[in-house]
Amino acid sequence: MKGGSVAVSDSGLARNRDALEKAIGFFDSGIGGLCVARAFLALRPAARVFYVADWEHCPYGGRGDDEIRGCAFRIADSLMALGARIVVLACNSASAVALDALRRERPGIQFVGMEPAIKPAAALTRTGVVGVLATAHTLSGRLFRETALRHASGVRVVPAVGEGFVELAETGARDCAESRAVVRRALAPLLAAGCDVVVLGCTHYPLLLPLLRAEAPGVRFLDPATAVARRAAALWDALSP
Ligand code: DGL
């Protein structure tokens, strides 16, 4: 998936950042994070918003942690150069590998990351089994481990990688036999385990909701986009003009 990518580099913008109108930046490996940016714009329609789709490196799923972290820093710096004072990692994989480092190394900026919605899932399940669909990066990250430990006591959490989901989402998620097979394969272990609630732990996956619902009609799928957008809106409101 090659194509346009992060474009802005250093330039005088960085030096003049404080003179720019306040802005908020969102990024993802591709179009998945648009769901989060759209949810934010629904709350704050007048905000100055930048969105970066890192198509040059999409999907992040097959890349090493260091490479994703490097992408995240380059994009965050570009967004800051444009005046972004809040940067939303609208990508669970980047949040898993880069959020802590960005907060540590770019202290002047507020970062918001994606976190798997295990808490609401644990409150909703009737079978006591909750599925989490995400990339391997997200499932092996600290955020996922800690959220699962903190919020899922008494509930079994079954993780599964949405193999091929990002590619499907980026190419339009057509309803055809091949797409259905990709979705069915990933859902199989979750359904076999008895999950009645499945957390979408990758921002591309909500784009597959019609396919997911068709394959698992009895399951509730949870997308944390609105909760993350609300958090970003609260930080936005607290910024000086
Ligand atoms: N949308 C991303 C996420 O939330 C990226 C997935 C990928 O590029 O593999 O994890």
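Quick summary incoming for the structure in this document. (Residues numbered from 1 in each chain as written. Predicted model: local features only at pLDDT ≥ 70, side-chain atom pairs only at ≥ 80, totals over all residues. Heavy atoms only, no water.)

**Description of the packing of aromatic side chains**
Which entries qualify depends on this criterion: The aromatic pairing rule takes the rings of Phe, Tyr and Trp, using the six-membered ring of Trp, and pairs them if the centres are within 6.5 Å, calling planes under 30 degrees apart stacked, those over 60 edge-to-face and the rest tilted. Secondary structure follows DSSP: runs of H or I at least 4 residues long count as helices, runs of E at least 2 residues long count as strands, and numbering of each begins at the N terminus. Here the term buried applies to any residue with accessible area under 20% of the maximum for its type, exposed to any over 50%, and partly exposed to those in between, with areas from a 1.4 Å probe on protein chains only.
In this structure the tally under the stated criterion is three aromatic pairs. Pairing Phe 40 with Trp 236 gives two aromatic rings, centres 6.1 Å apart and planes at 80°, and the pair type is edge-to-face. With Phe 40 in helix α2 (residues 34–43) and Trp 236 in helix α11 (residues 225–238), this pair connects stretches of sequence that are 196 residues apart. Each member of the pair, Phe 40 as well as Trp 236, is classed as buried. Here Phe 165 and Tyr 205 contribute two aromatic rings whose centre-to-centre distance is 4.9 Å and whose plane-to-plane angle is 70°, an arrangement assigned as edge-to-face.

**A look at the nonpolar core**
In summary, soluble globular proteins display a tendency toward joint burial of nonpolar side chains. For clarity, the threshold we go by: Remark: nonpolar core denotes a set of buried residues (Ala, Val, Leu, Ile, Met, Phe, Trp, Tyr, Cys) joined through side-chain atoms within 4.5 Å. In what follows, residue pairs with any heavy atoms lying within 4.5 Å of each other are defined as contacts.
Counting residues in each nonpolar core, the largest one holds 28 residues, and the members touching the most others are Leu 133, Phe 165, Leu 187, Leu 190, Leu 208, Leu 212 and Phe 221. Breaking this core down by element, the ones donating at least two residues are β5 (129–134), β6 (156–161), α8 (165–170), α9 (177–193), β7 (197–200) and α10 (209–215). Among the elements that line this core, the one with the most residues is α9, at six residues. Residues within four places of Phe 165 in sequence aside, it is in contact with Leu 133, Val 182, Val 183, Ala 186, Tyr 205, Leu 208 and Leu 212. Counting residues in hydrophobic clusters, the runner-up holds 24 residues, among them Leu 79, Cys 91, Ala 98 and Leu 143.

**Some remarks on the site of the ligand**
We count it as follows: We call a residue near a molecule or strand as soon as one heavy atom of that residue lies within 4 Å of the molecule or strand. N or O atoms closer than or at 3.5 Å make up a polar contact, with two conditions inside protein: a donor-capable atom paired with an acceptor-capable one, and, for residues adjacent in sequence, both atoms drawn from side chains. Each accessible area is a Shrake-Rupley result for a 1.4 Å probe, and residues are judged covered by the shown protein chains and nothing else. Residue type decides the class: Asp, Glu, Lys and Arg count as charged, Ala, Val, Leu, Ile, Met, Phe, Trp, Tyr, Cys and Pro as nonpolar, and the leftover types, Gly among them, as polar.
Taken together, 13 residues lie near the ligand, and Ser 29, Tyr 60, Asn 92, Ser 93 and His 204 sit nearest. Here a nitrogen atom of the ligand and a side-chain polar atom of Asp 28 are 2.9 Å apart. Contact distances for the ligand include 2.7 Å between a nitrogen atom and a side-chain N or O atom of His 204. Protein contact buries 99% of the 300 Å² of open area that the ligand shows by itself. When its residues are assigned to classes, the shell around the ligand shows five nonpolar, seven polar and one charged.

**Some remarks on α9**
Within an α-helix, residues lying three or four positions from one another point in the same direction, as the helix has 3.6 residues per turn. As a reminder of what qualifies: Between the first and last residue of a helix there are one fewer steps than residues, each counted as 1.5 Å, and that sum is the expected span. We define the bend at each residue as the angle formed by axes fitted to the 7 residues ending at it and the 7 residues starting at it.
An ideal rise of 1.5 Å per residue puts 24 Å on 17 residues; α9 measures up with 24 Å between its terminal C-alpha atoms. For α9, the principal kink sits at Leu 187 and spans about 40°; a proline, Pro 189, occurs within the next four residues. Three or more residues of α9 are buried, namely Ser 179, Val 182, Val 183, Ala 186, Leu 187, Leu 190 and Ala 193. Turning to α9, the residues buried within the fold contact β5, β6, α8, β7, α10 and β8 (220–222). Directly beyond the C-terminal end of α9, a positive phi value near 95° is found at Gly 194.

**A few points about the sheet that holds strand β3 (residues 84–89)**
Just so we agree on the cut-off: Between any two strands, pairing holds if DSSP finds at least two bridges. Axis angles are defined between N-to-C directions and span 0 to 180 degrees, where every axis is a line fitted to C-alpha atoms and, for a helix, only to the segment in contact.
On the basis of which strands lie adjacent, the open sheet formed by four strands has the order β2-β1-β3-β4 and parallel pairing. Two strands bound the open sheet, and with one partner strand each, they are β2 (49–53) and β4 (110–113). Each strand of the sheet is rotated relative to its neighbour by a mean of 20°, with strand direction disregarded. Bridge count between β3 and β4: four bridges; the pairing is parallel.

**Comments concerning the pattern of salt bridges**
Convention followed: What counts as a salt bridge is simple: a side-chain nitrogen of Lys or Arg found within 4 Å of a carboxyl oxygen of Asp or Glu.
The tally for this structure, following the rule as stated, stands at eight salt bridges. Arg 106 is paired through a salt bridge with Asp 77; the nearest N and O atoms lie 2.8 Å apart. Residue Arg 106 is found in the loop between α4 (92–105) and β4, and its partner Asp 77 is found in helix α3 (residues 65–81); the two are separated by 29 residues along the sequence. You can call Arg 106 partly exposed: its relative accessible area is 22%. Here Asp 175 and Arg 180 are joined by a salt bridge, their closest N and O atoms 2.5 Å apart. In this structure Asp 175 comes out as exposed when scored by relative accessible area, which is 57%. For Arg 180, a relative accessible area of 29% corresponds to the partly exposed category.

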